[in-house]
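Each chain is listed here by its residues.
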Amino acid sequence: MDSPVVGRNVPTRRRSAAGDTASDAHDLAWSGRHAAALAVCDEALAALALPAPSRLALLELRARSHLALGQFAQASAAAAAMTDFANDQGVQAWRVRALCCQALVMIRSTRYGNMQQLAESALALAVKTGDPASLGLSHLTLGEARLRLSDSEAALDHGRRAATNFERTSDTVSLGRAHWLIAIAHSRGIHEAASRRAAEHAAELARGSGDLYGLAQALNVLSFTCKDIAERIDLLQR
């Protein structure tokens, strides 16, 4: 399932000289070793002396790894803990990330609840910060929420806005996922040519960044527009 983005532009991150636990957990999750990533997160989070940025990152990684393993109750609890921590710290950009994480858990678990309201709150906070990374993440999250509620036009608009902001931050992974959202929104609107162009671009970006989850999403959308059965089977197999 989903691998964490968390502002990544490359498939792995360099470890600091002292050893960055959040980076270690991120690399494990990025390669699909979510159980191992959770073990690292849990051990690190048990430590009292942990820098606030690292604690936030580990809480987010824990939520996303539980989600990737289909452990929805645990993912929801981890996302709620992340939100509580972000609210305690009072950093607006962190609150945006936490709200988006909560909404993402609802999206992926298909327990939609108040996912749209959470994503809208994240976007409202992001607008106040003016931070393109926060704006991109909140537009991407709200766009997928609106897609799940069958509002493809709104999803398309948010996908485009997300892509614009991720281009500003040079976040290739997130940019690829924004183009996936654009592609699937076009697909729902039966705009096959536009959907295929966006999906091909999403696949190209995913290959360049090593984002296998994003690549799988892009290839899946590409298969929707295939008229040739053999080509569609090949895309689904890939």
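Here's what I pulled together on the structure shown here. (Residues numbered from 1 in each chain as written. Predicted model: local features only at pLDDT ≥ 70, side-chain atom pairs only at ≥ 80, totals over all residues. Heavy atoms only, no water.)

**What about the overall build of the protein?**
Link 1 in the chain: Scanning the protein from terminus to terminus reveals twelve helices and zero strands.
Link 2 in the chain: Each helix and strand of the protein, ordered N terminal to C terminal, gives the series α-α-α-α-α-α-α-α-α-α-α-α.
Link 3 in the chain: Across the 238 residues in the protein, those meeting the buried criterion constitute 51%.
Link 4 in the chain: Contacts in the protein between residues far apart in sequence, at least 24 positions, make up 57% of those at least 6 positions apart.
Link 5 in the chain: For the protein, the computed accessible surface area is about 10,900 Å², with 52% contributed by carbon and sulfur atoms. (Helix = DSSP H or I, 4+ residues; strand = E, 2+ residues; numbered from the N terminus. Buried < 20%, exposed > 50% of the residue type's maximum accessible area, 1.4 Å probe, protein only. Contact = heavy atoms within 4.5 Å. Areas by Shrake-Rupley, 256 points an atom, 1.4 Å probe, with all protein chains shown as cover.)

**Structural notes on the environment of Leu-135**
Link 1 in the chain: Along the chain, Leu-135 turns up in helix H7 (residues 132–148).
Link 2 in the chain: Note on Leu-135: relative accessible area 13%, which makes it buried.
Link 3 in the chain: With residues near it in sequence (within four places) discarded, Leu-135 still touches Leu-123, Ala-126, Val-127, Gly-130 and Asn-165.

**Description of the nonpolar core**
Link 1 in the chain: Core analysis: the biggest nonpolar cluster contains 26 residues, and Trp-180 and Leu-181 have the highest contact counts within it.
Link 2 in the chain: Mapped by element, the contributors of at least two residues to this core are H7, helix H8 (152–169), helix H9 (172–188), helix H10 (192–209) and helix H11 (212–224).
Link 3 in the chain: In terms of residue count, the dominant contributor to this core is H9 (eight residues).
Link 4 in the chain: With residues up to four places along the chain from it excluded, the contact list for Trp-180 reads Glu-144, Leu-147, Ala-202, Gln-217, Ala-218 and Val-221.
Link 5 in the chain: Counting residues in hydrophobic clusters, the runner-up holds 23 residues, among them Cys-41, Leu-61, Ala-63 and Phe-85. (Core = buried A, V, L, I, M, F, W, Y, C linked by side-chain atoms within 4.5 Å.)

**Overview of the packing of aromatic side chains**
Link 1 in the chain: What the rule picks out here adds up to one aromatic pair.
Link 2 in the chain: When the ring of Phe-85 is compared with that of Trp-94, the centres are 6.4 Å apart and the planes differ by 15°; the resulting orientation is stacked. (Phe/Tyr/Trp six-rings, centres within 6.5 Å; stacked < 30°, edge-to-face > 60°.)

**What about the packing of helix H5 (residues 92–109) against H7?**
Link 1 in the chain: For the pair H5 and H7, the least separation of the axes is 10 Å and the interaxial angle reads 20°. By the angle class used here, H5 and H7 are roughly parallel. When you trace H5 past H7, the crossing you get is left-handed. Contacts between H5 and H7 involve Ala-93, Val-96, Arg-97, Cys-100, Ala-103, Leu-104, Ile-107 and Arg-108 from the first element and Ser-134, Leu-137, Ser-138, Thr-141, Glu-144, Ala-145 and Arg-148 from the second. (Axes fitted to C-alpha atoms, helices over the stretch in contact; angles between N-to-C directions. Parallel < 35°, antiparallel > 145°, perpendicular 65-115°, else oblique. Left-handed = near helix turned anticlockwise from the far one by under 90°.)

**Comments concerning the pattern of salt bridges**
Link 1 in the chain: On inspection of all chains with the given rule, the structure shows nine salt bridges.
Link 2 in the chain: With a closest N to O distance of 3.5 Å, Arg-64 and Glu-60 form a salt bridge. With Arg-64 and Glu-60 both in helix H3 (residues 52–68) and four residues apart, the pair spans about one turn of that helix.
Link 3 in the chain: Since its relative accessible area comes to 7%, Arg-64 is described here as buried.
Link 4 in the chain: For Glu-60, a relative accessible area of 1% gives the class buried.
Link 5 in the chain: Among the charged side chains, a salt-bridge network with shared partners connects Glu-60, Arg-64 and Arg-97. (Salt bridge = Lys/Arg side-chain N within 4 Å of Asp/Glu carboxyl O.)

By themselves, these figures tell us nothing about what the structure is for.
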